[in-house]
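# Residue-level structure breakdown
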Amino acid sequence: MTGKKNRNIFNALFLAVVFIITIYSVFHNEDLSSIIGYMKNADIKYWFAGVLFVVVFIECESAVIYYMLKGLGENVLFSHCCLYSFIGFFFCLVTPSATGGQPAQLYFMKKDGLPLTVSTMVLVIVTITYKLVLVAIGALVFIFRPAGVMLYIKPVTGWCVLGMLLNVICIAVMFIFVFNPVFAENTAAFIIRAAGRVFKLRNSQKYMDRLVLAMERYKDSASYFASHKLVIWNVFCITTFQRIILFAVTYIVCVSFNTADAGFFTITGLQAMISVAVDMLPLPGGMGITEKLFKEIFTPLCGGNLVLPVMIASRGISYYTQLFISAVMSVIAYFKLIKPAL
């Protein structure tokens, strides 16, 4: 319990430090009155559409989780799947490399009565697909090399290549765990045995027995997804729409500032490449590096005066609004899904 508390304190402090550094780097030597003036002149009705896009983005994951759990025969409510998604995105946004999302979701799903092995399988596939869509978009950009996108990402190409490489490695490792249950079982058994030796656990055999029972359900889930490729394809299609609609927030914001001359596909593609670059970096929500890459990419497109207001509005909607909504819904999830002891 103490370790978990210390980890939470560390994550909170790390988030605060990164946020302060980001704010300083963004606004240092900038004329705040000019920025506010430009933002007041924007057509903010488009920003409300951007907020709607964020909500749809989150709910797409809810639909994916509900779809897969139902396919595995679990009796689950869609409203609860919505709460799982809000929890996942909140913890992803506040932890380095988005590492806190899935553990938090698993905790709440277990409290809600779902088998841990099934929930784990579903969330791993959600993560694989989420990253796979990003890699697919990046691959399409590098293969077909659309002139507009390639021109603007030229200063940050190295970051994009690094992001692609890290995502491919991550996806490959998760694929092995999902579709090679024997490897997953052997790895889990090794961890239990090692923990038993290090911490002198007397009941390590009890955990091994639990592992054997859990892996039977895990193998059944893996077998289901391996034999139902249409399910994976449908999840991939929903996730593609999910990711594009969040990237489109930047286009909506550019329209509000009348700086969308490059067109929907170019602006959305540029935002996608920023996500490719920062997705696997050990920063909460890609904070700091996202702002840096945004300014480098979008300054030629928006102009030196408007790039910062555009970035503030875009980032404010796609990250900070998402963070606020997810935080509120996570509190609701706590009271809704975790049954208080009687």
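Above this note sits the structure.
Figured I'd write up the structure that's included with this text. Since we're looking at a predicted model, the values are computed, not measured.

Reading the values: the criteria
Numbers given for residues are sequential positions, taken from 1 along each chain in its written order. This being a predicted model, a pLDDT of at least 70 is required before a residue's local features are given, and a value of 80 or more before pairs of side-chain atoms are given or counted; all residues contribute to the totals for chains, interfaces and linings. Excluded from the side-chain calculation are hydrogens and water; included are all heavy atoms of the structure. Helix and strand definitions here come from DSSP, where helices need a minimum of 4 consecutive H or I residues and strands a minimum of 2 consecutive E residues; each element is numbered from the N-terminal end. Only protein chains enter the accessibility calculation, which uses a 1.4 Å probe. A residue is then buried if its area is under 20% of the maximum for its type, exposed if over 50%, and partly exposed in between. Working rule for contacts: check all heavy atoms of both residues, and any pair within 4.5 Å makes them a contact. Areas reported here follow the Shrake-Rupley algorithm with a probe of radius 1.4 Å; residue values treat only the protein chains shown as occluding. Whenever a carboxyl oxygen of Asp or Glu lies within 4 Å of a side-chain nitrogen of Lys or Arg, that contact is scored as a salt bridge. For this analysis, a ring pair means two rings from Phe, Tyr or Trp (six-membered ring only for Trp) whose centres lie within 6.5 Å, classed as stacked if their planes differ by under 30 degrees, edge-to-face if by over 60, and tilted for the remaining angles. Residues with no salt bridge and a relative accessible area higher than 30% make up the patches, which join like charges within 9 Å and nonpolar side chains (Val, Leu, Ile, Met, Phe, Trp, Tyr) within 5 Å. In this analysis an axis means a line fitted to C-alpha atoms, helices contributing only their contacting stretch, and an angle means the value between N-to-C directions, from 0 to 180 degrees. Orientation categories follow fixed angle ranges, with anything under 35 degrees roughly parallel, anything over 145 roughly antiparallel, 65 to 115 roughly perpendicular, and all other angles oblique. Left-handed describes a crossing whose near helix is turned anticlockwise from the far helix through less than a right angle; right-handed describes the clockwise counterpart. Residues were grouped as follows: Ala, Val, Leu, Ile, Met, Phe, Trp, Tyr, Cys and Pro as nonpolar; Asp, Glu, Lys and Arg as charged; and all remaining residues, including Gly, as polar. As used in this record, nonpolar core signifies buried Ala, Val, Leu, Ile, Met, Phe, Trp, Tyr and Cys residues forming a set joined through side-chain atoms within 4.5 Å.

## Brief notes about the overall build of the protein
- In terms of regular secondary structure, the protein is built from 14 helices and zero strands.
- For the protein, the succession of helices and strands along the chain, N to C, is α-α-α-α-α-α-α-α-α-α-α-α-α-α.
- A total of 342 residues make up the protein; the buried ones form 46% of that total.
- Once local pairs closer than 6 in sequence are excluded, the contacts in the protein between residues at least 24 apart make up 76%.
- Approximately 17300 Å² of the protein is accessible, and the part contributed by carbon and sulfur atoms is 70%.

## With respect to the pattern of salt bridges
- In this structure the tally under the stated criterion is four salt bridges.
- Among the ionic pairs, lysine 131 bridges to aspartate 279, the shortest N-O distance being 2.8 Å. With lysine 131 in helix H6 (residues 116-144) and aspartate 279 in the loop between helix H12 (264-278) and helix H13 (289-302), this pair connects stretches of sequence that are 148 residues apart.
- Residue classification places lysine 131 among the buried residues on the basis of a relative accessible area of 10%.

## A few points about the packing of aromatic side chains
- Summed over all chains, the structure comprises 12 aromatic pairs.
- For the pair phenylalanine 57 and phenylalanine 89, a centre-to-centre distance of 4.9 Å together with 50° between the ring planes defines the contact as tilted. Taken together, the residues span a long stretch of sequence, with phenylalanine 57 in helix H3 (residues 45-71) and phenylalanine 89 in helix H4 (residues 78-94) at a distance of 32 residues.
- Note on tyrosine 251 and phenylalanine 264: the rings are 5.3 Å apart at their centroids and 80° apart in plane angle, and the pair reads as edge-to-face.

## Concerning a nonpolar patch on the surface
- Together, Leu132, Phe175 and Phe179 make up a nonpolar patch on the protein surface, roughly 230 Å² of accessible area in all.
- Among the secondary structure elements, phenylalanine 175 is positioned in helix H8 (residues 157-179).
- Overall, the relative accessible area of 33% leaves phenylalanine 175 in the partly exposed class.

## Thoughts on the packing of H12 against H13
- The N-to-C vectors of H12 and H13 enclose an angle of 150°; their axes lie 10 Å apart at closest approach. Looking at the two axes, H12 sits roughly antiparallel to H13. In this structure, the crossing between H12 and H13 has a hand that is right-handed. Along its contact with H12, which presents Ile267, Leu270, Gln271, Ile274, Ala277 and Val278, the element H13 presents Ile289, Thr290, Leu293, Phe294, Ile297, Phe298 and Leu301.

## What about the packing of helix H11 (residues 229-256) against helix H14 (residues 307-337)?
- Where H11 contacts H14, the axes come no closer than 9 Å and their chain directions differ by 145°. In the crossing of H11 with H14, the sense of the turn from one axis to the other is right-handed. Along the contact surface, H11 presents Leu246, Val249, Thr250, Val253 and Cys254, while H14 presents Val310, Ala313, Ser314, Ile317, Ser318 and Gln322.
- Split by residue class, the contact of H11 with H14 holds seven nonpolar, four polar and no charged.

## Overview of unusual backbone geometry
- The backbone phi angle of arginine 145 is positive, close to 45°, even though this residue is not glycine.
- With respect to the element layout, arginine 145 can be found in the loop between H6 and helix H7 (147-153).
- The phi dihedral of asparagine 258 is positive, around 60°, even though this residue is not glycine.
- What makes asparagine 258 exposed here is its relative accessible area of 65%.

## Thoughts on helix H5 (residues 101-111)
- Among all positions of H5, only Gly101, Ala104, Gln105, Leu106, Phe108 and Met109 are buried.
- Positive phi shows up at glycine 113, right after H5, with a value of about 95°.

## Details of the nonpolar core
- Grouped together as the largest cluster of nonpolar side chains are 87 residues, with contacts concentrated most on Ile65, Met68, Leu69, Val122, Ile153, Phe225 and Phe298.
- Counting residues per element, this core draws most heavily on H6, at 13 residues.
- In this structure, isoleucine 65 is in contact with Cys81, Tyr84, Ser85, Gln105, Met109, Val122, Leu123 and Val126, ignoring residues within four places of it in sequence.

## So, the side chain of aspartate 279
- Residue class for aspartate 279 comes out buried when judged on its relative accessible area of 18%.
- Not counting the four nearest positions on each side in its chain, aspartate 279 is found in contact with Lys131, Leu134, Asn167 and Arg243.

## Some words on the environment of tyrosine 224
- Turning to its location among the elements, tyrosine 224 is positioned in helix H10 (residues 204-227).
- A residue is classified by how much of its surface remains accessible, and tyrosine 224, at 18% relative accessible area, is buried.
- Taking the C-alpha atoms as reference points, tyrosine 224 and leucine 72, 152 residues apart in sequence, are found 7.6 Å from one another.
- Aside from chain neighbours lying at most four places away, what touches tyrosine 224 is Gly71, Leu72 and Val231.

In short, the description is geometric, and any link to function would need to be established separately.
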